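# Commentary on secondary and tertiary structure
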Amino acid sequence: MAMKVYGDGMSACVARVLLCLHEKETDFELVPVDLFACHHKLPSFLSMNPFGQVPVLQDDDLTLFESRAITAYIADKHKDKGTDLTRHADAKEAAIVKQWSEVESHHFNPAVSAVIHQLIVVPLQGETPNAAIVEENLDKLGKVLDVYEERLGKTKYLAGDSYTLADLHHVPYTYYFMKTSHAGLINDRPNVKAWWEDLCSRPAFLKVSPGLTVAPVTN
């Protein structure tokens, strides 16, 4: 039976999981969850994820939440299908994938998600973005991207010369970020720009990107 993913394709975290499934060439069913109607806060959903957030994955008797836990599970279960996202055959290479995946989670994501929250979620709630929060996190993001610029001058992808989860996890939020007026943070760093152009041209992402439909405000 195909895996079920509960969520909305416009969610960056849901898109992260869908992207992984497409890279692994794995059948799945996307079960829509209406975020605007707060269906992720209903008891039926909270029984799957008590934190009331998308995505949730169901695979037979297994229920998982947290997008990176889900991608790790998919990549491991289907390690012999599609793209090798973990470099599982070599312990040292696999460790480097995990290291740069941690960098994304602890350094890149907090900054970029804060910017996207202000430029997408806050306006959807009828409020005005906090410019100070945007600027603070743009500064943090720039420092992370400086590290990436140096790293990507040595390797094609963050964890080496192969596309892995360390790269994949960046894609949905970066896609939204590139729609803002702050895209120069990526475009002004040639190695990061080339890396991003590679990531967003992959066939798996071209299947996911039509669902990423929310437009940031321009400030």
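Refer to the structure presented above.
All of the points below concern the structure found in this document. In this text, all values refer to a predicted model and were calculated from it rather than measured experimentally.

What counts as what
- Residues numbered from 1 in each chain as written.
- Predicted model: local features only at pLDDT ≥ 70, side-chain atom pairs only at ≥ 80, totals over all residues.
- Heavy atoms only, no water.
- Helix = DSSP H or I, 4+ residues; strand = E, 2+ residues; numbered from the N terminus.
- Rg over C-alpha atoms; globule rule 2.2 N^0.38 Å.
- Contact = heavy atoms within 4.5 Å.
- Salt bridge = Lys/Arg side-chain N within 4 Å of Asp/Glu carboxyl O.
- Buried < 20%, exposed > 50% of the residue type's maximum accessible area, 1.4 Å probe, protein only.
- Axes fitted to C-alpha atoms, helices over the stretch in contact; angles between N-to-C directions.
- Parallel < 35°, antiparallel > 145°, perpendicular 65-115°, else oblique.
- Nonpolar A, V, L, I, M, F, W, Y, C, P; charged D, E, K, R; others polar.

## Quick look at the overall build of the chain
- What the chain contains, in helices and strands, is 10 helices and four strands.
- Its helices and strands in sequence order give the chain the pattern β-α-β-α-β-β-α-α-α-α-α-α-α-α, from N to C terminus.
- Expected size for 219 residues packed as a compact globule is a radius of gyration near 17 Å; at 17 Å, the chain falls within 12% of this value.
- In terms of its C-alpha atoms, the chain occupies a principal-axis envelope of roughly 50 × 45 × 25 Å.
- At a minimum sequence separation of 6, the contacts of the chain that also span at least 24 residues come to 67%.

## Looking at the pattern of salt bridges
- Counted according to the given criterion, the structure contains 11 salt bridges.
- Between Glu104 and Arg68 there is a salt bridge, and its shortest N-O distance comes to 2.8 Å. Of this pair, Glu104 sits in helix H4 (residues 91–124) while Arg68 sits in helix H3 (residues 67–77), placing them 36 residues apart in sequence.
- Owing to a relative accessible area of 23%, Arg68 belongs among the partly exposed residues under this scheme.
- In the salt-bridge network here, residues are joined through shared partners; they are Arg16, Arg68 and Glu104.

## With respect to the environment of Ala94
- Position of Ala94 among the secondary structure elements: in helix H4.
- Taking the C-alpha atoms as reference points, Ala94 and Ala204, separated by 110 residues in sequence, lie 22 Å from one another.
- Beyond its immediate stretch of four places on either side in the chain, Ala94 contacts Thr86 and Arg87.

## Structural notes on the packing of helix H1 (residues 12–23) against H3
- One can describe the packing of H1 onto H3 by two numbers: an axis separation of 9 Å at closest approach and a directional angle of 5 degrees. One finds that H1 runs roughly parallel with respect to H3. Counting all contacts with H1, which are made through Cys13, Arg16, Val17, Cys20 and Leu21, the residues of H3 involved are Ser67, Arg68, Ile70, Thr71, Ile74 and Ala75.
- Here the residues of the contact of H1 with H3 sort into seven nonpolar, two polar and two charged.

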